[in-house]
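Letter by letter, the chains look like this.
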Amino acid sequence: MAEAEKAVNVLAKVPLFKGLGKRQLEKLARIMVDRTCDEGEVIVPQGQTGYGFFVIASGAAKAVRERSDGSEVVVNTFGPGDFFGELSMLDDGPRTATVLATEPTRCLVLPRWNFLGVLRQDGEMTVSIMVELAKRFRSALDTV
């Protein structure tokens with residue numbers, strides 16, 4: 001199976017992209033960057049401005065937030081098909097947690113500037129993704 005087709009298969013399983021058609025998934029797959037990380041490697045550090053959106057293609061990772069007293073708390077774990085960085089992708093704000101690979105991990109990375117360019121060109125994709133983001137935020141608020 002070609003790499004682009006594998007990327008489309010991974011993206012098709014991401015809830016944020018569930019409303020997208022194959023053509024739109026292929027468009028995203030073409031602009032994604034493949035990144036591999038060793039166990040224990042920092043994928044993104046807390047506080048750094050966002051580079052983009054990450055999808056775990058294989059492996060596992062955890063999000064660790066450093067508290068003001070210097071202690072750390074694991075706030076999320078990720079496996080294949082999970083994603084993070086959706087906030088930084090939209091507003092270029094600082095990362096709210098450090099994400100570390102907990103085993104050898106392969107990520108598909110959607111750089112912010114590439115993603116925004118695609119959104120400007122495809123209004124249907126933009127609406128679909130925004131609806132899914134709103135559902136995700138609403139669900140997160142319901143747990144607070």
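Given the structure is predicted, the values throughout are model-derived calculations rather than measurements.

Caption draft 1: Focus on the packing of helix α2 (residues 22-31) against helix α4 (residues 112-121). Orientation of α2 relative to α4, taken along the N-to-C sense of each, is 155°, at an axis distance of 10 Å. When the axis of α2 is compared with that of α4, the two are roughly antiparallel. The element α2 and its partner α4 pack so that their crossing is right-handed. Between α2 and α4, the contacting residues are K27, L28 and I31 on the first element and N114, F115 and V118 on the second. For the contact of α2 with α4, a count of residues per class yields four nonpolar, one polar and one charged.

Caption draft 2: Region of the structure containing helix α1 (residues 3-12). Where α1 is concerned, the buried positions are A7, V8, V10 and L11. Projection of α1 onto a plane perpendicular to its axis shows the buried side chains occupying an angular sector of 160°, all on one side. Of the surrounding secondary structure, the elements contacted by the buried residues of α1 are α2, β3 (52-58) and β8 (105-111).

Caption draft 3: Region of interest: the packing of aromatic side chains. Evaluation of the coordinates by the stated rule reveals five aromatic pairs. Aromatic pair F53 and F83: ring centres 5.3 Å apart, planes at 40°, arrangement tilted. Of the two residues, F53 sits in strand β3 while F83 sits in strand β6 (residues 83-84), which places them 30 residues apart along the sequence. For the pair formed by F53 and F83, the shared burial category is buried.

Scoring rules and cut-offs
Residues numbered from 1 in each chain as written. Predicted model: local features only at pLDDT ≥ 70, side-chain atom pairs only at ≥ 80, totals over all residues. Heavy atoms only, no water. Axes fitted to C-alpha atoms, helices over the stretch in contact; angles between N-to-C directions. Helix = DSSP H or I, 4+ residues; strand = E, 2+ residues; numbered from the N terminus. Parallel < 35°, antiparallel > 145°, perpendicular 65-115°, else oblique. Left-handed = near helix turned anticlockwise from the far one by under 90°. Contact = heavy atoms within 4.5 Å. Nonpolar A, V, L, I, M, F, W, Y, C, P; charged D, E, K, R; others polar. Buried < 20%, exposed > 50% of the residue type's maximum accessible area, 1.4 Å probe, protein only. Arc of directions from axis to C-beta. Phe/Tyr/Trp six-rings, centres within 6.5 Å; stacked < 30°, edge-to-face > 60°.

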